[in-house]
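A look at the structure
Residues per chain are reported as follows:
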There are 2 protein chains.
Amino acid sequence: MPRTRDAGVGLDRPERCHDCAIMQAKGMSGFDVALHHIESEILAGNYVAGTQLPPERELAARLSVGRGAVREAIRVLQAQGIVVSGTGPGNGTRIRATPGDALGRMLRLQLALDITSVEDLTETRIVVEKAATVAAAHHGPNAALRRAGLLVERMERRTDPDSFNELDTSFHIAVIEASGNHMLSMLSAAIRHTLSAPIRRAEERLDDWDEVRSGLVAEHRAILEAVRVHDANLASELVEKHIRHSYEVLLPDGAAPAESGTHG
Amino acid sequence: MPRTRDAGVGLDRPERCHDCAIMQAKGMSGFDVALHHIESEILAGNYVAGTQLPPERELAARLSVGRGAVREAIRVLQAQGIVVSGTGPGNGTRIRATPGDALGRMLRLQLALDITSVEDLTETRIVVEKAATVAAAHHGPNAALRRAGLLVERMERRTDPDSFNELDTSFHIAVIEASGNHMLSMLSAAIRHTLSAPIRRAEERLDDWDEVRSGLVAEHRAILEAVRVHDANLASELVEKHIRHSYEVLLPDGAAPAESGTHG
């Protein structure tokens, strides 16, 4: 690794990592040291949203690890939605404020690997989305609810399964965002995105798609109306019915969860 | 990059990546290509739990990317709990069957970065843990419930906050595992682990720790008993009360969520 003036930090530099030698003596790899270091800075509150990370070269020298190890650690944090890297000069790696779809990507792989199932995800979606809808109904009208209203209007006009499915996902996410609970929003959005592909495939197989579609639009309208008039109980009941009904219609081949109870 | 016989794959080898040239032409980096390739193989069902990945060198050649790019992609999948890498000869990287604490690590960083809050996590924990407890109460007695019983016995004898907190976390995870819903289990475990540090810090500050501890043991016993006699409603009610009560006692400085409603 070529050493430059920037990279040649000494013990007099306060940023030098004091635990790194101990970590390496314990057999931790350069990657482990780099990841541990950045995570520690975040957990200690030294790195906050918007903080710019030192350049790879400088961080590598500071931690006495290779640049490849620093890059691997940054890739991991990128995939977790914890940092974001720009391209071009002056656009380094920053701590980011929004985690994006990191959880959704993980869930899609877990679904493919049978670590989780459509049934487990659906039951989890029901409890999480019901709670978020109750919270949304307790709030006053807000931008997210207005967006949900516009989305349901657009669903009436879109007839092809692909566009409809996209609007459907966005509608649910908008209602959930109105809850103001970011953890519930992130989770419901990730689950809804993960289930989006199996739902779309099922919709494409339906003979009576137009009829099903009208029913789905009506169900979305009713949920939104209950949230708007702050009827939390009705909204919660309609959301559960809607999700169970969708899965019955869309996944009639045994993948649909049971009518009642938390497991099928 | 040195080319070996293994790495020198040609077009006659069926494993060669056909999309890679297109992806690179579109400006995707070697890392993007490598991650996309492995993810696609998982989503297509070609890689299942236990599948051994080709050696880094071979994969790099097959995808026409650098070895560093392949290593970065594997690190990302490791951190997501999707692959596991052994050390030593013959211990390559395998697709894994259990995701471990990948979600928990992500949530801890998000909590530190204020992407989520103790309050949002607690409200999410309540809805998820209630649903898992209801499902556990519907099941017959199983190994996870027996483990929960042993853990509550041990909680009675452990007085220091650290050991108590560890047993407390394990108790909740055991009850949730009895639900049989892997998604709910994974999620509750991740949230409980994420909140474990703030809970432990609060416990260490308490003057009346012994009294609080006795109350907590009694609450755990009551939840377990309700699950054992299949009283799903009582179990669900006790879980919500227990979690809200813990936060009132442990986090009286305003971090505790409201007594009712899904948001504070």
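As annotated in an unreviewed UniProt entry, chain A carries the name FCD domain protein and is attributed to Propionibacterium acidifaciens F0233.

Turning our attention to the interface of chain B and chain A. The interface is formed by 55 residues belonging to chain B together with 56 residues belonging to chain A. Carbon and sulfur atoms make up 70% of the area that chain B and chain A hide from each other, which totals about 4700 Å². For chain B, the biggest contributors to the area lost against chain A are B:L109, B:L113 and B:M183; these three give 14% of the whole. Between the two partners, chain B and chain A, sit 4 salt bridges. We note a salt bridge from B:E72 to A:R75, for which the minimum N-O separation is 2.7 Å. Counting the contacts that link chain B with chain A gives 6 residue pairs in polar contact (both at pLDDT 80 or more).

Looking now at the packing of aromatic side chains. All names here are of chain A. Scanning all chains against the criterion turns up 2 aromatic pairs over all chains. Ring centres of F164 and W209 lie 5.3 Å apart, and the angle between their planes is 85°; on these two criteria the pair is classed as edge-to-face. Of this pair, F164 sits in helix 8 (residues 161-177) while W209 is found in helix 10 (residues 209-228), placing the two residues 45 residues apart along the sequence. Residue F164 shares its accessibility class with W209, and that shared class is buried.

Within the largest apolar cluster, 55 residues are counted, with the highest numbers of intra-cluster contacts made by A:I38, A:I42, B:I38, B:I42 and B:L63. At the level of elements, helix 1 (20-25), helix 2 (30-43), helix 3 (56-63) and helix 4 (67-79) of chain A together with helix 1 (20-25), helix 2 (30-43), helix 3 (56-63) and helix 4 (67-79) of chain B are the ones that each hand at least two residues to this core. Once residues lying within four places of it in the same chain are set aside, the contact partners of A:I38 are A:Y47, A:L53, A:L59, A:I74 and A:L77. Formed by 50 residues, the second largest nonpolar core is a distinct cluster that contains A:I126, A:A132, A:L184 and B:M106.

A few words on the packing of helix 6 (residues 118-138) of chain A against helix 9 (residues 182-205) of chain B. At their nearest, the axes of helix 6 of chain A and helix 9 of chain B sit 7 Å apart, and the two run at 55° to each other. One element, helix 6 of chain A, and the other, helix 9 of chain B, form an angle in the oblique class. Side by side, helix 6 of chain A and helix 9 of chain B meet where A:D120, A:L121, A:T124 and A:V127 of the first sit next to B:H182, B:M183, B:L184 and B:L187 of the second. Of the residues contributing to the contact of helix 6 of chain A with helix 9 of chain B, the split by class is 5 nonpolar, 2 polar and 1 charged.

Definitions and cut-offs
Residues numbered from 1 in each chain as written. Chains lettered and ligands numbered in written order. Predicted model: local features only at pLDDT ≥ 70, side-chain atom pairs only at ≥ 80, totals over all residues. Heavy atoms only, no water. Contact = heavy atoms within 4.5 Å. Buried area = accessible area lost by both parts, 1.4 Å probe. Salt bridge = Lys/Arg side-chain N within 4 Å of Asp/Glu carboxyl O. Polar contact = N/O pair within 3.5 Å; in protein donor to acceptor, adjacent residues only side chain to side chain. Phe/Tyr/Trp six-rings, centres within 6.5 Å; stacked < 30°, edge-to-face > 60°. Helix = DSSP H or I, 4+ residues; strand = E, 2+ residues; numbered from the N terminus. Buried < 20%, exposed > 50% of the residue type's maximum accessible area, 1.4 Å probe, protein only. Core = buried A, V, L, I, M, F, W, Y, C linked by side-chain atoms within 4.5 Å. Axes fitted to C-alpha atoms, helices over the stretch in contact; angles between N-to-C directions. Parallel < 35°, antiparallel > 145°, perpendicular 65-115°, else oblique. Nonpolar A, V, L, I, M, F, W, Y, C, P; charged D, E, K, R; others polar.

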